[in-house]
Amino acid sequence: MQVGKAIILSAGQGRRLRPLTDTRPKCLVELSGRSVLHWQLLHLHAAGLEEVVVVTGFAADKVDDEIAGLALPGLRVRTLFNPFYGLTDNLATCWLAREEMRSPFLLLNGDTLFERAIAQRLLAAPPAPITLTIDRKPSYDADDMKVLTDGPRLMAVGKAIEAYDAESIGFSRFSVEGAAAFVRAVETALRASEGLKRWYLSVIDQLAREQGGVEVASIEGLGWAEMDVPEDVARNRELTERWSAVEVSA
């Protein structure tokens, strides 16, 4: 499956990271001399992506300025503004980006840091309509997006599921078939009264349970992190310092 585009969901403010996000979205928090978004774009480009669409919302002008100031030859980066970011969760953000989902693409949370090898492993995963990257660890907490698998198949995903054996890292791949099924399910979900407050992974959970066709790609042993609370910053800077050191030695 040839994938040339990634969509990054960066519309939210990241209030749990305040005061770091009082005036900027969390995708612009600095780590080892680069913003979270800059690290994402570097590693997507290194993995062979040619185009990235960043869905913006809070402080969208600052994201536009950040992108305009980056030198990433060979990578086209565009923004798509979500004016309703303060009223909805990321399911509605996906609906706003639905016209970008007509060809195979990667979908990435705006607060997920990942090394290049993770994107490469996802791109190289066996063909499937939808593929979620997962990691495994000895224990999970209430904030983890838990996953239940059966071999390569995704059986369920959600923070409150009772049986689980992995977690989603917020990075997925869609084929043309998977994208079409996802967009249809998103549009149906948004017609319900609670739709505006749903996460897009709740729709993938629904597709996995009702239709199948959702598989997983393990990235165990590779480096990734999320940016949720201030305590994450120091740990994430340690991760990006290691990435910077590899660049210097290369």
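Just above, that's the structure.
These figures come from a predicted structure and were not determined experimentally. (Residues numbered from 1 in each chain as written. Predicted model: local features only at pLDDT ≥ 70, side-chain atom pairs only at ≥ 80, totals over all residues. Heavy atoms only, no water.)

Once that is clear, we can look at the overall build of the protein. Tallying secondary structure elements over the protein gives seven helices and 13 strands in all. Its C-alpha radius of gyration of 17 Å places the protein within 12% of the 18 Å reference for a compact globule of 250 residues. With the C-alpha coordinates of the protein rotated into their principal frame, the extents come out at 45 × 40 × 35 Å. For the protein, restricting intrachain contacts to residue pairs at least 6 apart in sequence, the fraction spanning at least 24 positions comes to 76%. About 11400 Å² of surface is accessible on the protein, with carbon and sulfur atoms providing 51% of the total. (Helix = DSSP H or I, 4+ residues; strand = E, 2+ residues; numbered from the N terminus. Rg over C-alpha atoms; globule rule 2.2 N^0.38 Å. Contact = heavy atoms within 4.5 Å. Areas by Shrake-Rupley, 256 points an atom, 1.4 Å probe, with all protein chains shown as cover.)

With that out of the way, let us pick up the pattern of salt bridges. The final tally for this structure, using the stated rule, is 16 salt bridges. Between glutamate 51 and arginine 76 there is a salt bridge; the shortest N-O distance is 3.7 Å. Taken together, the residues glutamate 51 in strand S4 (residues 51–56) and arginine 76 in strand S5 (residues 76–81) connect sequence positions 25 residues apart. For the salt bridge of glutamate 167 with lysine 137, the shortest nitrogen-to-oxygen distance reads 3.1 Å. In this pair, glutamate 167 sits in strand S11 (residues 166–174) while lysine 137 sits in the loop between strand S8 (130–135) and strand S9 (146–150), placing the two residues 30 residues apart along the sequence. (Salt bridge = Lys/Arg side-chain N within 4 Å of Asp/Glu carboxyl O.)

Here we take up the environment of threonine 23. Looking at where threonine 23 falls in the secondary structure, it is placed in the loop between strand S1 (5–10) and strand S2 (30–31). Once the C-alpha coordinates of threonine 23 and alanine 59 are considered, the two residues, 36 residues apart in sequence, prove to be 6.9 Å apart. Once residues lying within four places of it in the same chain are set aside, the contact partners of threonine 23 are Phe58, Ala59 and Lys62.

Moving on: the packing of helix H5 (residues 176–190) against helix H6 (residues 200–210). Remark: H5 packs on H6, axes separated minimally by 10 Å, with the N-to-C direction vectors making an angle of 115°. On the basis of their axis angle, the class for H5 and H6 is roughly perpendicular. Crossing handedness for the pair H5 and H6: right-handed. The segment H5 lies against H6, with Ala181, Phe182, Ala185, Val186 and Ala189 engaging Tyr200, Val203, Ile204 and Leu207. A breakdown of the residues in the contact of H5 with H6 according to their chemical character gives nine nonpolar, no polar and no charged. (Axes fitted to C-alpha atoms, helices over the stretch in contact; angles between N-to-C directions. Parallel < 35°, antiparallel > 145°, perpendicular 65-115°, else oblique. Left-handed = near helix turned anticlockwise from the far one by under 90°. Nonpolar A, V, L, I, M, F, W, Y, C, P; charged D, E, K, R; others polar.)

Turning our attention to the packing of aromatic side chains. Taken as a whole and judged by the stated rule, the model has seven aromatic pairs. Seen in terms of ring centroids, phenylalanine 174 and phenylalanine 182 are 5.0 Å apart; in terms of plane orientation they differ by 45°. Their pairing is tilted. For the pair formed by phenylalanine 174 and phenylalanine 182, the shared burial category is buried. Ring plane angle 90° and centroid distance 6.4 Å describe the contact between phenylalanine 182 and tyrosine 200, whose orientation is recorded as edge-to-face. Taken as a pair, phenylalanine 182 in helix H5 and tyrosine 200 in helix H6 lie far apart in primary sequence, 18 residues in all. (Phe/Tyr/Trp six-rings, centres within 6.5 Å; stacked < 30°, edge-to-face > 60°. Buried < 20%, exposed > 50% of the residue type's maximum accessible area, 1.4 Å probe, protein only.)

Distances and angles like these do not, on their own, reveal function.
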